[in-house]
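# Structure at a glance
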Amino acid sequence: MGLCPGGWLADARHDLERQVRGMPVTTDGDRITATAHETLSWQVRLVDDLLGATPATLPDLFALADPIYAAASQPGQRAVIIDRLVQKTYGNALAALWSNYGIQPIWLPVRGGERSKSLTTYNRLATQLVKLRLDRRSQPLFLVGGGSVGDVGAFVAATLGRYTPAVRIPTTLLAMADAGIAAKNGVNHAGKKNAFGTYDPASLVLACLAFCASESKRRISNGLAEIAKAALMESSALWSLLADHGAALRKTRMQHPVARDVLLRAIQIMLAELSDNRREPRLTRSMDGGHWITPTCELLDLSVWHGEWVAIDLALCVVLALRRTLLDADVAQHILDVLGRTLRLPLWHPLLADDDVLAHACDATTRHRGGRLRLPLLVGVGEKSFYDDVTVSEARGASAALRHMAARLGARAALRPGPLWAGAYWGVA
Ligand SMILES: NC(=O)c1ccc[n+]([C@@H]2O[C@H](COP(=O)([O-])OP(=O)(O)OC[C@H]3O[C@@H](n4cnc5c(N)ncnc54)[C@H](O)[C@@H]3O)[C@@H](O)[C@H]2O)c1
């Protein structure tokens, strides 16, 4: 090995590149750049009768696709972060399921709902988990519940021992179609929605529509709103299914012949959006439909649920698109009809009459999306374009028009506000 730069250094660099196989290192002057070539895959499995599964019928049910976690389907203890209500309703059946696979649950119950998405819950779970001294390769966490418990649980998993894989079992329709299969997790803090979190999808999601049978119809509508968002942004075929069968899907609480197809299509849309954009290098995201005023409003009135805010937000954007003549009047009216009448979702809320709320929503969304609003507005069902130039006064005009249209559609379409959540109040007059 020579000592001159062309010899010794060149040899050293060559050795280094050889040592770090799969992670090439390049040196250019004073910059030494490492490029990770790892691929990340995560899997969502639609299981018709999850609670009735056995190793004979579904032998690889809890196997994780990532070879690093090949030992994760071995029998043994597992920490189960679970929605308290879900544990009450399904705890025995889940314990029996896991027992079939040699798994013993260590229950870590969390109250469902937005308030549990907090650093306080994170702290409690983190303390419990550290004491359990689980193995981070062979003992993935189980996360069972709706989007709230799943979001805080997935944040804990993503940070426990720097990363611990998770098997997520979403139990609300909203979590099956969106929160539970998405890449993002997080907790709210200081009045800011998802103030802390990471982009780490659960390694495996086991979705089973049977859990929806115990949800209220209002909760089903709440989940259908996220599916409607995916349909309006990306798929007229999925939208037609909602328009034709939405009322029956709601009434039967997704125990309906087309329910599986509806959920499958929604999951495919979401994963297609995420697979090339997990950490959001691309800030024009069709799944941001329905998420313009939502993050601002939902912590101000917790009596309106996440999917309901998404519906109100979508409706406001439909009227914006109508007033910009991007959408035909009959298409806009049809969309509002399906959201408000078929899916029984709210379409307007008094917070939309508050200029400060609209201004905050525009500002917060613009900051979140790299300095541009990037608002997806429909130009047809399943088609959108992105706009940066929506002003507060334009939003105010659309809101006033929507108020009348929602009122014509009936009782649930226009909501009264619930009590504001003081902890999240950021100063709206
Ligand atoms: N991470 C993401 O990308 C993402 C995407 C969309 C939504 N979210 C988040 O998801 C959260 C909302 O999730 P959610 O709507 O599932 O609410 P949730 O998790 O708060 O659950 C709502 C209620 O349903 C109950 N519940 C859960 N499963 C049930 C079942 N099978 N039967 C009867 N009751 C049941 C819970 O106990 C709770 O009271 C919000 O915080 C939202 O921000 C996250």
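This one's a predicted model, so the numbers in the text were calculated from it and none came from an experiment. (Residues numbered from 1 in each chain as written. Predicted model: local features only at pLDDT ≥ 70, side-chain atom pairs only at ≥ 80, totals over all residues. Heavy atoms only, no water.)

### A few points about the overall build of the protein chain
Looking only at helices and strands, one finds 13 helices and twelve strands in the protein chain. At 24 Å, the protein chain has a C-alpha radius of gyration in line with the 22 Å of a compact globule built from 429 residues. Seen through its principal axes, the protein chain has C-alpha atoms that stretch 80 × 60 × 40 Å. Buried residues in the protein chain amount to 50% of all 429 residues. Taking as baseline every contact in the protein chain between residues at least 6 positions apart, the subset at least 24 positions apart corresponds to 75%. (Helix = DSSP H or I, 4+ residues; strand = E, 2+ residues; numbered from the N terminus. Rg over C-alpha atoms; globule rule 2.2 N^0.38 Å. Buried < 20%, exposed > 50% of the residue type's maximum accessible area, 1.4 Å probe, protein only. Contact = heavy atoms within 4.5 Å.)

### Concerning the pairing of strand β6 (residues 141-145)
For β6, the buried fraction is high: five of the five residues fall into the buried class. Here β6 shows no split at all, with L141, L143 and G145 on one side and F142 and V144 on the other all buried. Relative to β6, strand β4 (residues 76-83) runs parallel, the two being bridged by three bridges. The residue of β6 that forms the bridge with I81 is L143. Where β6 and strand β7 (residues 166-170) come together, five bridges link them in parallel fashion. Each bridged residue has a counterpart across the sheet, and for F142 the counterpart in β7 is V167. (Pairing = 2+ DSSP bridges.)

### Let's talk about the environment of A395
With respect to the helices and strands, A395 occurs in helix α13 (residues 392-409). The buried category is assigned to A395, whose relative accessible area is 0%. Spatially, the C-alpha atoms of A395 and L320 are 7.1 Å apart, while their sequence positions differ by 75 residues.

### As for the confidence of the model for the protein chain
With 90% of its residues at a pLDDT of 70 or more, the protein chain shows a mean pLDDT of 91. Contacts from residues 1-8, a stretch scored under 50 in pLDDT, to residues over four places away or in other chains number nine contacts. (pLDDT = per-residue confidence, 0-100.)

### Overview of the side chain of D301
Considering the arrangement of structural elements, one finds D301 in the loop between α9 (294-298) and α10 (306-323). For the buried D301, which has no salt bridge, the nearest side chain bearing the opposite charge is R218, at an N-O separation of 7.8 Å. In this structure the side chain of D301 is engaged in a polar contact, spanning 2.6 Å, whose partner is the side chain of S303. (Lys, Arg positive; Asp, Glu negative; His and termini not counted. Salt bridge = Lys/Arg side-chain N within 4 Å of Asp/Glu carboxyl O. Polar contact = N/O pair within 3.5 Å; in protein donor to acceptor, adjacent residues only side chain to side chain.)

### What to know about the packing of helix α7 (residues 236-251) against helix α8 (residues 259-275)
The N-to-C vectors of α7 and α8 enclose an angle of 140°; their axes lie 10 Å apart at closest approach. As judged from the angle between their axes, α7 and α8 are oblique. Between α7 and α8 lies a crossing of left-handed hand. For the pair α7 and α8, the contacting residues are A237, L238, L241, L242 and L249 in the first and A259, D261, V262, R265, A266 and I269 in the second. Across the contact of α7 with α8, the residue classes break down as nine nonpolar, no polar and two charged. (Axes fitted to C-alpha atoms, helices over the stretch in contact; angles between N-to-C directions. Parallel < 35°, antiparallel > 145°, perpendicular 65-115°, else oblique. Left-handed = near helix turned anticlockwise from the far one by under 90°. Nonpolar A, V, L, I, M, F, W, Y, C, P; charged D, E, K, R; others polar.)

### Examining empty space enclosed by the protein
Inspection of every chain in the model, using the stated rule, returns three cavities of 30 Å³ or more. Its boundaries defined by the atoms lining it, the largest cavity holds a volume of some 50 Å³. For the largest cavity, the full set of lining residues is A154, A157, A158, Y163, T164, A166, D200, P201 and A202. Per element, the largest residue contribution to the lining of the largest cavity is three residues, and it comes from helix α4 (residues 147-159). By residue class, the composition of the lining of the largest cavity is seven nonpolar, one polar and one charged. (1 Å grid on protein atoms, 1.4 Å probe; cavity = no way out; pocket = protein on both sides within 12 Å on 5 of 7 lines; lining within 4 Å. Points joined across faces, edges and corners; volume = space filled by probe spheres on them.)

### Quick look at the site of the ligand
Close contacts around the ligand come from 26 residues, with E114, G147, S148, T172 and K193 the closest. E114 places a polar side-chain atom, nitrogen or oxygen, 2.7 Å from an oxygen atom of the ligand. A distance of 2.6 Å separates an oxygen atom of the ligand from a polar side-chain atom of S148. Contact with the protein chains removes 89% of the 870 Å² of surface that the ligand exposes when unbound. Of all the elements in the fold, those that place two or more residues in the shell around the ligand are α2 (84-100), α4, α5 (173-179) and α6 (217-234). Of the residues belonging to the shell around the ligand, the class tally is seven nonpolar, nine polar and ten charged. (Near = heavy atom within 4 Å. Areas by Shrake-Rupley, 256 points an atom, 1.4 Å probe, with all protein chains shown as cover.)

### Regarding the nonpolar core
Core analysis: the biggest nonpolar cluster contains 123 residues, and F62, W239 and W292 have the highest contact counts within it. With twelve residues, α10 is the largest single contributor of residues to this core. Those residues in contact with W239 that sit more than four places away from it in its chain are A228, A231, L232, H334, I335, V338, L339 and V381. (Core = buried A, V, L, I, M, F, W, Y, C linked by side-chain atoms within 4.5 Å.)

### Quick notes on the sheet that holds strand β10 (residues 204-207)
Backbone-to-backbone hydrogen bonds pair the strands of a sheet. The strands run either parallel or antiparallel. Strand order in this open sheet of six strands is β3-β10-β7-β6-β4-β5, and the pairing throughout is parallel. Looking at strand neighbours, the two that pair on one side only are β3 (43-46) and β5 (103-110), the edges of this open sheet. In this sheet, adjacent strand axes meet at a mean angle of 20° when their direction is disregarded. Where β4 meets β5, eight bridges bridge the pair, whose relative direction is parallel. Counted as the bridge partner of I81 is L108 from β5.

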